[in-house]
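# Working through the structure, step by step
Take a look at the letters that make up each chain.
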Amino acid sequence: MGGVKETNILKMTTPNKTPPGADPKQLERTGTVREIGSQAVWSLSSCKPGFGVDQLRDDNLETYWQSDGSQPHLVNIQFRRKTTVKTLCIYADYKSDESYTPSKISVRVGNNFHNLQEIRFLASLRWVQISSFSSEKFVISDHLKPSSLNSSKSFSIQLCSVAVKELRFFGEEEQLELVEPSGWIHVPLTDNHKKPTRTFMIQIAVLANHQNGRDTHMRQIKIYTPVEESSIGKFPRCTTIDFMMYRSIR
C-alpha cells in the first residue's frame, strides 16, 4: 500500500563539545583585523582581589578573571566613540576551571547600559536520529523539538545523510551555549548581512556555568575591528612576522 512515510524519532544525542577556534594572533597576521581592547574602558560586575580586568587583558592564558557575586556575571567594555567591531574572542578552559567555566553567554551591544540589545547567533541546536525518511514529508513531534526553537524567530531543518539518518536543527539564538570549551571562542559581532557592528558598548553576560557553578572564570577577551583598505591603493597583505614589522610608519 503506497503513501508517504513519516519519520519516527528514536532519540536525541548529547551535544558535542564546543570546538576551539584559531588563535586570534593568526587573525592579526592576516592584516584584515586589529585588536582594539586597549581603546576601551573595562569594568566588571564583581571580582576577587587580584583576579580582575588586568588578568583578563594580560595576554597570559594562565591567569583569569574570577567573579565574586551573584549571576549574571558581567564584563562591560565601553568605547569613547562609536566603534566598528567585527569579532569577539574569549578564552575558556574547562579542563582547568571545571564548574567555573561558562556554559551560557549573552553578548549585548548598544550606546549605554540602558539600551543594550542581544546579538543573535545562528547556532546548531540539536542532533536527532530518525528511523525512516521520505523526501516528500517528515514529521518531528513538537515535544521533542529543542525548547529554544519555541522562542526563535526562525529555524531550518537540514538532512545530513539518509544513510546515517540524522537531522539537525538550526535556529537564531540570543545566548551562546558552550559545552566544555577548552580554547578560543570566536563570537561574530555582525548583522544578518555579515556587516560589522558599530557600537559604543559591548557587554558580555555569563548566565550559567557548568555543573551549576556560582562564580565564573574567563582567561582572556579580545575585540577586533576590520582594517580599512588604504585610500592610495590596495597592497598585498602582510602575512609574515618580518613583513608586519615594517607595515606601518612609526
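Just so it is clear, the model here is predicted, and its values are computed rather than measured. (Residues numbered from 1 in each chain as written. Predicted model: local features only at pLDDT ≥ 70, side-chain atom pairs only at ≥ 80, totals over all residues. Heavy atoms only, no water.)

### Some details on the pattern of salt bridges
Note the following rule: For salt bridges, the criterion is a side-chain nitrogen of Lys or Arg within 4 Å of an Asp or Glu carboxyl oxygen. A run of H or I in DSSP becomes a helix once it reaches four residues, and a run of E becomes a strand once it reaches two; helices and strands are each numbered from the N terminus. Burial status follows relative accessibility: with a 1.4 Å probe on protein chains alone, a residue under 20% of its type maximum counts as buried, one over 50% as exposed, and anything between as partly exposed.
In the structure shown here, the tally under the stated rule is 6 salt bridges. Ionic pairing is found between Lys17 and Glu180, a salt bridge with its closest N-O pair at 3.3 Å. A residue pair is termed long-range when its members are at least 10 positions apart, and Lys17 in the loop between strand E1 (9–12) and helix H1 (24–29) and Glu180 in the loop between strand E12 (176–177) and strand E13 (182–188) qualify at 163 residues. What makes Lys17 exposed here is its relative accessible area of 56%. According to the relative accessible area criterion, Glu180 is partly exposed, its value standing at 27%.

### Focus: the sheet that holds strand E16 (residues 220–226)
Just so we agree on the cut-off: Should DSSP find at least two bridges between two strands, the strands are regarded as paired. Inter-axis angles, ranging from 0 to 180 degrees, are taken between N-to-C directions of lines fitted to C-alpha atoms, where helices are fitted over the stretch in contact.
The antiparallel open sheet is built from 4 strands, whose spatial order is E2-E16-E6-E13. Sheet topology places strand E2 (33–35) and E13 at the edges, where each strand pairs with a single neighbour. Averaged over all pairs of adjacent strands, the angle between strand axes in this sheet comes to 25°, irrespective of strand direction.

### Quick look at the confidence of the model for the protein
Applicable threshold: Values of pLDDT, ranging from 0 to 100, describe the predictor's confidence in every residue of the model. Should any heavy atoms of two residues lie within 4.5 Å, those residues are counted as being in contact.
With 64% of its residues at a pLDDT of 70 or more, the protein has an overall mean of 78. For residues 3–13, every residue scores under 50 in pLDDT, and the model assigns this stretch 36 contacts once sequence neighbours within four places are set aside. Predicted confidence for residues 123–170 stays below pLDDT 50, and this span has 110 contacts to residues more than four positions away or in other chains.

### So, the environment of Pro72
For Pro72, the position within the fold is in the loop between strand E4 (65–66) and strand E5 (73–85). The spacing of Pro72 and Ala205 is 133 residues in sequence and 5.9 Å in space, taken between C-alpha atoms. Apart from residues lying up to four places away in sequence, Pro72 is in contact with Ser45, Ala205, Val206 and Leu207.

### Re the pairing of E16
E16 sits mainly inside the fold: 6 of its 7 residues count as buried. Alignment of E2 against E16, held across 3 bridges, turns out to be antiparallel. In the sheet register, Glu35 faces E16, and the bridge partner there is Tyr224.

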